[in-house]
Amino acid sequence: MAANAVGSGARDLDPVDIARALTGDKDALANLVRRHWGRVFGFLVRLSGDYHLAQDLTQETFYRMWRALPQMQPTTPLTVWLYRTAHNAFVDHSRSWYNRRVVLDAVECESGRDPDPVLSLVERRFERNRALDLLAGLSPEHRAVLTLRFYEDLSVEEIAETLEVPVGTVKSRLHYAFRRLRERLLAQETDLRSSARMRRRVTAEEAKP
Amino acid sequence: MSGREWRVNWEAVAADLAEDPARPGGPSLDAWVPVFAALEELRECEPPADACESTAAWLAGLPMPGAFRRRMAELGVSRPRGFWSALAVIRSQTSVFSLAFWAVAASVITLASVGGYGVLTAGVPVPAGAPSLPLTLVAPLVGSVGVAYALRSFGRGPWEVELSCPITPVGMALGRLFIVFAYTAGLASVASGAVWLGIGPSGSPGPFLATVFAWLGPLALWSALAFYFSLRFSPATATAVSLGFWAVEVALLAWRPAASLLVVPGRPGPAGAPTVSLGAAVLLALLAVREAGRSAERVGRSAA
Amino acid sequence: MTAPLLRVSYLSHVFPGGKVALRDVDFELGSGVAVVVGPNGAGKTTLLRILAGVLRPTRGEVYWGALPVLASPVAYRDLLGYLPQDFSPYPEMRARVFLAYVARLKGLPPTLIAARVSEVAGLMGLDETTLDRECRHLSHGETRRLGLAAALLNDPLLLLLDEPTSGLDPEGRAELLGLVTDLAAGNLVILSTHLLSDAERIGDHILFLESGRLVLCEAPSAFVAGARGHVFEGTVTADELAFLERAPGVALVARVPLGAGRFRVRLVSTLPVGCSTGWPPGRPLSLGTGLVLAEPGMEDAYVYRRLRSASGGAGTG
């Protein structure tokens, strides 16, 4: 299921379903969840690199949506609110998880050696998938911006509104993120070519009488 | 996303990246293609099949604060006013009375009327101006015990919950008094009518209205007595006082009828004691209402 | 800061016998969960009764938004739900009938009562069989849940719960606290409790009452932080323990015998760190005696506040 399968027509249904959900209409609440579950889950998978964590955080995001429904401003699109909340849920989780890890297992944390302790801990959760592997090389802030631009097709201004940062910050993070990915990809390809040449040389040497 | 949409998306992202001040005029779209292609591996993220539905079901089970109020606002529901408000109060207070109350009250009144009928048809002489003597004796008893029973929760039990509702304690108390009085008076009226019709005007000791007023005054007085003592002291005190007064009256009837309030010999018609009884009843009820209005302080008194 | 939902202004109450239950209690609360804590007789129940409109205070005023509560009691009670500490329904009434009765008292439209009763009963885990039982045949837990269901009938904006978890097993308590948190979204829930763990778990504000006075009204984190630097734990001898038990400004929170005349203790002290008043000479009441500074918890903070009140607010807190 593509994360962006829902078109703008369906999004126009959000205010209607929100109003109905506020009167206790359980079907309307379920509609909201079904309509946006995929996009939130996808965003959190790319942000966290962990399918199980993404599932938990998606549920947390929708719980926060449920709690905030009575105060939700009609001017803010629900999608923007959900992305923002999902991002906050991931950040909250990272902080608490990091703190627990640091307190419980300072030796394994290696916080003294890595420039980004959270990143190093998160890295261990990423599955061996090329895209996830590329994303693992970015900080959560850069991953969030890249994910929202590339996968969710939000504009720079929409991303700025979602993450509540200046447009300039979004642009600089976006540029940095893609530059970094390109460098990593080129480095991986160079490593692959070097490994291939090394294997050919070894094979050739072994084949010599 | 279709292949064409992917391409459009890539072009749009590449256009954003071309603005990178670190690399003015930066790599072309073709240079970004390997990166975009690699990222496309994560385009499809299939969540577990039941995860979405289980989340929806879980959220649906949570209470949505304010939902019921919004539904009521949508329906345009408003609180009844005036007469309809009084009716609503009385309707709400009927729940306080158990089936046993309705049954016992009806049974006692019925027995009294059957007894009275038997007395009259047997030709037993009754004091003049004392028609339906059994009803005259029994109706006040039913009224007073009924009122004490109705007010059993005042100052205890569910009283705090009742006080916290948008209904005044005076309204609740008066509503319950009205129910007991109206029910007892209704039963007694039906019983009086049945006895009177059964005997016939020629066999009756007096006009029908006189038979009604003979028990109406005492019923009002004893009910008001119980009402006041229940609110001023407690329902148990009210029951004891009411029964005590009633016992005294029965004794007076037997040995010194002239001193009795229940029956006034030689004074047929709606005059004398019944009027005094009704007047005293109204006074006691007003005093009781004042006590009901101070019920919010009684909760504190019991807690001190 | 958003406008407060509830404003209590110099609330005082003296019972007819002269007992002072509340003295000049003054606070403001927004949406969320406010937990009222304090020792027995502190005035928690009196405060909740006044806020529920069940008790008329001797002095002071209560405002819900712009609505003066004491002058408009019926309009105010329209938006609140209350669960008293000693809640008991009519014993001979069936649970469903009791809920319908309270629904009528709260002015619910007759056509909506049956559905609303089912809705709140379902929320509180009261099934059809339980609803058809007479209230006298309900267990303590079922009765508490019935009381809470009655309080929720009118979808209150202000929910007042006096010791709602008393008598509930841990599972029931956790369930109820979760429900309270959900109900507090956009609304105000005020509950009193003896269990500080409940306060820590769900409280957005702590109201600490003592002898009728409001000692403080703050977030749980600030409440706990106030005791930082005054909580110690470590190992002491029997003599040192005896001394600690007598020392003014010191309260033992926990003691565990370790054998051989030694005890593991956790204590709260209003004495400054390093102070040697009354302590064996040369041994400050802190590092070096076998006692080390400990991170305070809710219970420590509670004991510390009580200690400070008892010592007249003295101490370095």
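The notes below deal with the structure included here.

Let's talk about the packing of helix α4 (residues 51–68) of chain A against helix α3 (residues 51–60) of chain B
So, point 1. The geometry of α4(A) relative to α3(B) is characterised by a closest axis approach of 11 Å and an angle of 30° between their N-to-C directions. Taken as axis vectors, α4(A) and α3(B) run roughly parallel relative to one another. The two elements α4(A) and α3(B) meet at a crossing, and its hand is right-handed. Judged by residue contacts, Gln55(A), Gln59(A), Phe62(A), Tyr63(A) and Trp66(A) of α4(A) engage Ala51(B), Thr55(B), Trp58(B) and Leu59(B) from α3(B).
So, point 2. Of the residues contributing to the contact of α4(A) with α3(B), the split by class is six nonpolar, three polar and no charged.

Thoughts on the sheet that holds strand β5 (residues 67–68) of chain C
All names here are of chain C.
So, point 1. Taken in spatial order, the four strands line up as β2-β1-β4-β5 in an open sheet, and their pairing is antiparallel. Either end of the sheet is taken by a strand with one partner, and the two such strands are β2 (20–29) and β5.
So, point 2. The pairing of strand β1 (residues 6–14) with strand β4 (residues 59–64) spans five bridges and is antiparallel. Bridge assignment links Leu6 to a residue of β4, and that residue is Trp64.

Observations regarding the side chain of Ser144(B)
So, point 1. Take Ser144(B): it is sitting in helix α7 (residues 133–150).
So, point 2. A relative accessible area of 0% places Ser144(B) in the buried class.

Let's talk about the sheet that holds strand β8 (residues 188–192) of chain C
Residues and elements named next belong to chain C.
So, point 1. Taken together, the six strands give an open sheet; going across it, the order is β6-β7-β8-β3-β9-β10, and neighbouring strands pair in mixed fashion. Edge strands, defined here as strands with exactly one partner in the open sheet, are β6 (80–83) and β10 (213–218). On average, each strand axis in the sheet is tilted by 15° relative to the strand beside it, whichever way the strands run.
So, point 2. Judged from the five bridges that link them, strand β9 (residues 205–210) and β10 form a sheet pairing that is antiparallel.

Some details on the environment of Val25(C)
So, point 1. Positionally, Val25(C) belongs in strand β2.
So, point 2. Among residues more than four places away in sequence, those in contact with Val25(C) are Val8(C), Ser9(C), Tyr10(C), Leu11(C), Leu47(C), Leu209(C), Gly212(C) and Leu214(C).

A look at the state of the cysteines
Each disulfide consists of one covalent bond between the sulfur atoms belonging to two cysteines.
So, point 1. Throughout the structure, instances matching the rule amount to zero disulfides over all chains.
So, point 2. Cysteine Cys165(B) shares no disulfide, and the gap to the nearest cysteine sulfur, in Cys135(C), comes to 15 Å.

Observations concerning the nonpolar core
So, point 1. Core analysis: the biggest nonpolar cluster contains 132 residues, and Phe98(C) and Ile190(C) have the highest contact counts within it.
So, point 2. In terms of residues, this core owes the most to one element, helix α10 (residues 208–232) of chain B, which gives ten residues.
So, point 3. Contacts of Phe98(C), omitting those with residues within four sequence positions, involve Pro158(B), Phe87(C), Pro89(C), Tyr90(C), Met93(C), Cys135(C), Leu146(C) and Ala150(C).
So, point 4. Core analysis: the next-biggest nonpolar cluster, separate from the first, contains 74 residues, Trp66(A), Leu154(A), Val156(A) and Val13(B) among them.

Some thoughts on the packing of aromatic side chains
So, point 1. Inspection of the entire model under this criterion finds 26 aromatic pairs over all chains.
So, point 2. Judged by centre distance (5.4 Å) and plane angle (70°), the ring pair of Phe43(A) and Tyr83(A) falls under edge-to-face. Within this pair, whereas Phe43(A) is found in helix α3 (residues 26–48), its partner Tyr83(A) is found in helix α5 (residues 78–104), the two being separated by 40 residues in sequence.
So, point 3. The exposure class of Phe43(A) is buried, given its relative accessible area of 0%.
So, point 4. For the ring pair Tyr90(C) and Tyr101(C), a centre distance of 6.0 Å and an interplane angle of 70° mean the geometry is edge-to-face. Separated by eleven residues along the polypeptide, Tyr90(C) in the loop between β6 and α3 (95–105) and Tyr101(C) in helix α3 bring together distant segments of the chain. By the burial criterion, Tyr90(C) is buried, and Tyr101(C) matches it.
So, point 5. Of the aromatic side chains, those joined through ring pairs into one cluster are Phe150(A), Tyr151(A), Phe178(A), Trp10(B), Trp32(B) and Phe36(B).
So, point 6. The ring of Tyr63(C) has Arg7(C) sitting right over it, with the charged end atom 4.5 Å from the ring centre.

Parameters and conventions
- Residues numbered from 1 in each chain as written.
- Chains lettered and ligands numbered in written order.
- Predicted model: local features only at pLDDT ≥ 70, side-chain atom pairs only at ≥ 80, totals over all residues.
- Heavy atoms only, no water.
- Axes fitted to C-alpha atoms, helices over the stretch in contact; angles between N-to-C directions.
- Helix = DSSP H or I, 4+ residues; strand = E, 2+ residues; numbered from the N terminus.
- Parallel < 35°, antiparallel > 145°, perpendicular 65-115°, else oblique.
- Left-handed = near helix turned anticlockwise from the far one by under 90°.
- Contact = heavy atoms within 4.5 Å.
- Nonpolar A, V, L, I, M, F, W, Y, C, P; charged D, E, K, R; others polar.
- Pairing = 2+ DSSP bridges.
- Buried < 20%, exposed > 50% of the residue type's maximum accessible area, 1.4 Å probe, protein only.
- Disulfide = S-S within 2.5 Å.
- Core = buried A, V, L, I, M, F, W, Y, C linked by side-chain atoms within 4.5 Å.
- Phe/Tyr/Trp six-rings, centres within 6.5 Å; stacked < 30°, edge-to-face > 60°.
- Lys NZ or Arg CZ within 6 Å of the ring centre and 35° of its normal.

Nothing here speaks to function; it is geometry throughout.
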